[in-house]
Amino acid sequence: MTDRRPQIIIILIFLVGFVLLVRLFSIQVLDDSFIKKAERNAIQRIVDHPYRGLIYDRNGKLLVYNNPIFELMLVPKEFELQDTTRFCELFGIEKQELIERYTAAKKYSWVKPSPLIKQISTTDFARIQDYLVDYPGLFITTRSVRSYPEPIASHALGYIGEISGSRLENDSSGYYVQGDYVGLSGMERFYEDDLRGVKGVKYKMVNVRGIDKGPFKDGEYDTASVEGRNITSTLDMELQKYGEMLMEGKTGSVVAIEPKTGEILAMISAPFYDPNELTGADFGKNYQKLNSQPTKPLFNRPVMAMYPPGSIFKIVQSLIGLQDGVLTPETTYACNRSLVACHNHPSPVDLFGAIRNSCNPYYHQAFRKMINREVSSNTFKDTEIGLTNWRESVKKFGLGSALGVDMGGERGGSIPSSNYYDKVYGEGRWKYSTIYSLSIGQGELQVTPLQMANLAAIFANKGYYYKPHLIKAMDGDPDKIPAEYRIKNDVGVDARHFDLIQDAMAQAVYGTAARAVMKDIAIAGKTGTAQNPHGEDHSVFIAFAPKEDPKIAIAVYVENAGWGGRAAASTASLMIEKYLRGEVLRQELQEYVLAGNFIY
């Protein structure tokens, strides 16, 4: 009898397989209940973007806050569109723009969300929200843009915008993704890691039409976003606002510092712009408009513009000469105009008189004595050695390199070296007669307005400074600011030498800057007229006040405004009065500055 068990087993296997195939066919083709369940159980991952930290002025007044906006996000795999024309009309987007953004989203990820329409206002969101259920693969996420209660301090505060491809590529933290917003300039960029906060994530259930079915597993896997840290800046809102009013229609800069701390009280770059222009949906259009203007309103002059310091530099020369023993208070020179031009004043003059009268020939002769010390039998070599030693002394005053202010783009100016002159004239082919213009702050010397304000702080402090900075506290705690801003930097000049300097600067105000004189407040200052080969000279003035207990140090540059005792000194004096008194009583001087007729 033949054993039929193998056949029976084979038949049973075929029967079981057939039943499984029928069941599988029924589940996948005939019965859509599983598909519907899968659709009902779709999980959507939504990033919860935190609010950026707020920025306040030194007195607790709000400078920067957040305004909520919405963004329409797209998941390419789920997106379905039947009537393109109707969609474009409903959502206010051009067809070509829709195609480009959809293509970019697919290129980025087929399953991850990408922004389709950015920075939708509350009004527009209310108009489109009812249509979202008709378009699978679309959902709304909440963001925020920066807003400014007062349209001031645009260069100091900075602005935010969408992260660039290069910055995203170089992001080692892994925090950012395409479409994120980051600080692009000013404090917003420098303190980005503190201001941005920490992202959160929410998981929710949605059906195929994108309708929210509630949190996934009751929010078990959700993480809350953490708001960015709030920053108290060193800026004084009222002083900043007043300074911008004075500089309206002018080109230049104003920097005011609290000498004892290095805190920046005001930082004005003129022309300026309304920071509200670089927020919201019109950011790109407004940026291009500002960037194309010939007056360059986006250019941050206090830290980027470089000018010859002019006569202000004579104070630095005086201090170096006193410290090195080359000059004494009694050192006297004649005002020999055959050496270099000068204005009418008594001659000869000692050091006090040289500062008070801003005597060019005095510093021509004093600088030659500082440079040519006869330490070498070779005249050319002697000048080279002297310049090298002099340059090292000058750099201690925070000149020739960036000070390290808490914003990007700071330039360091230029203090020419022996190597520089070797390249220009040839080694051993230059001497004092080649470089004498340095004696009065001209020639190859270049400084920024921030550096000049810092010089005023050094003169006020009698020989030291703290790095100028814009941050006063983080989350209300002053100890959270970078430690480098609490380090005292000594310039290597004995404090006793500053007594003569301060007295002479106080007297100089009465001579070259009489408009700056105030009743009851003693100002110590120095005018400068920086030569400009492209037009009218630049008006320059630095000062500190009150002389006996300085609370403000200031530098003012007004381009193409001529003599320093007019535009710059008048502006600085009004700023000092505003800060120390809280109001301006000299209305005639204010009207003079606002009118801006400084040349005539």
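The structure under discussion appears in the preceding block.
Residues numbered from 1 in each chain as written. Predicted model: local features only at pLDDT ≥ 70, side-chain atom pairs only at ≥ 80, totals over all residues. Heavy atoms only, no water.

Asker: For this particular structure, what's the right way to read the overall build of the protein chain?
Answerer: Looking only at helices and strands, one finds 22 helices and 18 strands in the protein chain. Its C-alpha radius of gyration of 34 Å places the protein chain more than 25% over the 25 Å reference for a compact globule of 600 residues. In terms of overall dimensions, the protein chain has a C-alpha envelope of 140 × 65 × 45 Å along the principal axes. By residue count, 50% of the 600 residues in the protein chain fall in the buried class. Just so you have it, the protein chain exposes about 28200 Å², and 51% of that area is on carbon and sulfur atoms. Here the protein chain holds 68 positive side-chain charges and 70 negative ones, and the gap between their average locations is 3 Å. (Helix = DSSP H or I, 4+ residues; strand = E, 2+ residues; numbered from the N terminus. Rg over C-alpha atoms; globule rule 2.2 N^0.38 Å. Buried < 20%, exposed > 50% of the residue type's maximum accessible area, 1.4 Å probe, protein only. Areas by Shrake-Rupley, 256 points an atom, 1.4 Å probe, with all protein chains shown as cover. Lys, Arg positive; Asp, Glu negative; His and termini not counted. Charge placed at Lys NZ, Arg CZ, Asp CG, Glu CD.)

Asker: Help me understand unusual backbone geometry in this model?
Answerer: Glycine aside, the phi torsion of most residues is negative, and most peptide linkages are trans. Following A270, the chain continues into P271 via a peptide bond in cis, with omega recorded as 5°. Between A545 and P546 the backbone carries a cis peptide bond, its omega angle lying at -15°. In this fold, P546 is placed in the loop between β17 (538-545) and β18 (552-558). Notably, Q119 is not glycine yet its phi reads approximately 50°, a positive angle. Relative to the helices and strands, Q119 resides in strand β4 (residues 114-120). Q119 gets classed as buried once you look at its relative accessible area, which sits at 14%.

Asker: Quick question: what am I supposed to make of a nonpolar patch on the surface here?
Answerer: A cluster of nonpolar side chains, contributed by I8, I11, L12 and L15, occupies part of the molecular surface with about 380 Å² of accessible area. Tracing the backbone through its elements, the reader meets L12 in helix α1 (residues 5-30). Since its relative accessible area comes to 48%, L12 is described here as partly exposed. (Patch = residues over 30% accessible without salt bridge, like charges linked within 9 Å, V, L, I, M, F, W, Y side chains within 5 Å. Salt bridge = Lys/Arg side-chain N within 4 Å of Asp/Glu carboxyl O.)

Asker: What is the right way to look at the pattern of salt bridges in this model?
Answerer: Side chains carrying opposite charge are able to pair once their charged atoms draw close together. Scanning the model with the defined rule gives 29 salt bridges in all. Of the charged contacts, one joins E188 and R52 as a salt bridge, the two residues approaching to 2.9 Å between their closest N and O atoms. Remark: R52 occurs in the loop between β1 (42-48) and β2 (55-56) and E188 occurs in helix α8 (residues 186-190); sequence separation between them is 136 residues. With respect to class, E188 is no different from R52; both count as buried. Note that E263 is salt-bridged to R58, the shortest N-O span being 2.9 Å. Of this pair, E263 sits in strand β12 (residues 263-270) while R58 sits in the loop between β2 and β3 (62-74), and the two are 205 residues apart along the sequence. Beyond isolated ion pairs, a larger network of salt bridges with shared partners links R52, R146, E188 and E192.

Asker: Please clarify how the packing of helix α13 (residues 313-324) against helix α15 (residues 360-371) should be interpreted in this entry.
Answerer: For any two helices packed against each other, the geometry is given by the interaxial angle and the distance between the axes. Axis separation between α13 and α15 bottoms out at 11 Å; the angle between their running directions is 40°. With respect to α15, the axis of α13 lies oblique. Classified by chirality, the crossing of α15 by α13 is left-handed. In this structure, α13 contributes K314, Q317, S318, I320 and G321 to the contact, and α15 contributes N360, Y363, F367 and M370. (Axes fitted to C-alpha atoms, helices over the stretch in contact; angles between N-to-C directions. Parallel < 35°, antiparallel > 145°, perpendicular 65-115°, else oblique. Left-handed = near helix turned anticlockwise from the far one by under 90°. Contact = heavy atoms within 4.5 Å.)

Asker: How should I be thinking about the packing of aromatic side chains in this particular structure?
Answerer: Between two aromatic rings, the relevant description is the distance of the centres plus the angle of the planes. On inspection of all chains with the given rule, the structure shows 21 aromatic pairs. Consider the rings of F79 and Y102, whose centres lie 5.8 Å apart with planes at 45°: the pair is tilted. Separated by 23 residues along the polypeptide, F79 in the loop between β3 and α3 (84-91) and Y102 in helix α4 (residues 95-108) bring together distant segments of the chain. Ring centres 6.0 Å apart and planes at 85° place the aromatic pair Y464 and Y466 in the edge-to-face group. There is no split in this pair, since Y464 and Y466 are both buried. An aromatic cluster is present here, built from F79, F87, F91, Y102 and Y135 joined pairwise through their rings. Positioned above the aromatic ring of Y175, the side-chain terminus of R196 is 4.0 Å from the ring centre. The positively charged end of K578 is found above the aromatic ring belonging to Y242, 5.7 Å away from the centroid. (Phe/Tyr/Trp six-rings, centres within 6.5 Å; stacked < 30°, edge-to-face > 60°. Lys NZ or Arg CZ within 6 Å of the ring centre and 35° of its normal.)

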